[in-house]
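Listed here are the chains, written in short residue letters.
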Amino acid sequence: MYHDSAIFIGTDASEVWTKEAFKAYAKPHFDKGRGWTYHPRDRHIYFSPNHDVAWFDELLDNESLGETRGTGVLIKEGAKWKVTQYHLTIPIPNALADSVASQIKTMQ
């Protein structure tokens, strides 16, 4: 569950969405049956000393993108944990980093 003030950061550098803006963007895709599914396979969760904030990193599999990585922050409200920030990335192997960075620079 996302907190009302949640932020979603997508794979493109321009993608920083509020919860409501992301829902508005995603809904038409899912309504047409063309949404997206990510399958988590490796997750690490860490807690603040008083256990009211948690952060995590996870590896996910996606049919079109392959391996992706998500990171996020959760806050505890009463007995419920809510995501307040989520960041989806495509991890780039070090051997490809220079090539990918060069390609990105040509697009700017």
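Keep in mind that this is a model prediction, so the values were computed, not measured. (Residues numbered from 1 in each chain as written. Predicted model: local features only at pLDDT ≥ 70, side-chain atom pairs only at ≥ 80, totals over all residues. Heavy atoms only, no water.)

1. A closer look at unusual backbone geometry
Leave glycine aside and you will find that most residues have negative phi; peptide bonds, for their part, are mostly trans. Of note in this structure, His51 is not a glycine but carries a positive phi near 60°. For His51, the location among the structural elements is in the loop between strand S3 (38-47) and strand S4 (53-62). The class for His51 is partly exposed, based on a relative accessible area of 47%. (Helix = DSSP H or I, 4+ residues; strand = E, 2+ residues; numbered from the N terminus. Buried < 20%, exposed > 50% of the residue type's maximum accessible area, 1.4 Å probe, protein only.)

2. A look at the packing of aromatic side chains
The geometry of an aromatic ring pair is captured by two quantities: the separation of the ring centres and the angle between the planes. Evaluation of the coordinates by the stated rule reveals 11 aromatic pairs. With 5.9 Å between their ring centres and 35° between their planes, Phe56 and Tyr86 make a pair best called tilted. Of the two residues, Phe56 sits in strand S4 while Tyr86 sits in strand S6 (residues 80-89), which places them 30 residues apart along the sequence. In terms of burial, Phe56 and Tyr86 fall into one category: buried. Aromatic ring contacts, followed pair by pair, group Phe8, Trp17, Phe22, Tyr25, Phe30, Trp36, Phe56 and Tyr86 into a single cluster. (Phe/Tyr/Trp six-rings, centres within 6.5 Å; stacked < 30°, edge-to-face > 60°.)

Everything listed here is a matter of geometry and, on its own, says nothing about what the molecule does.
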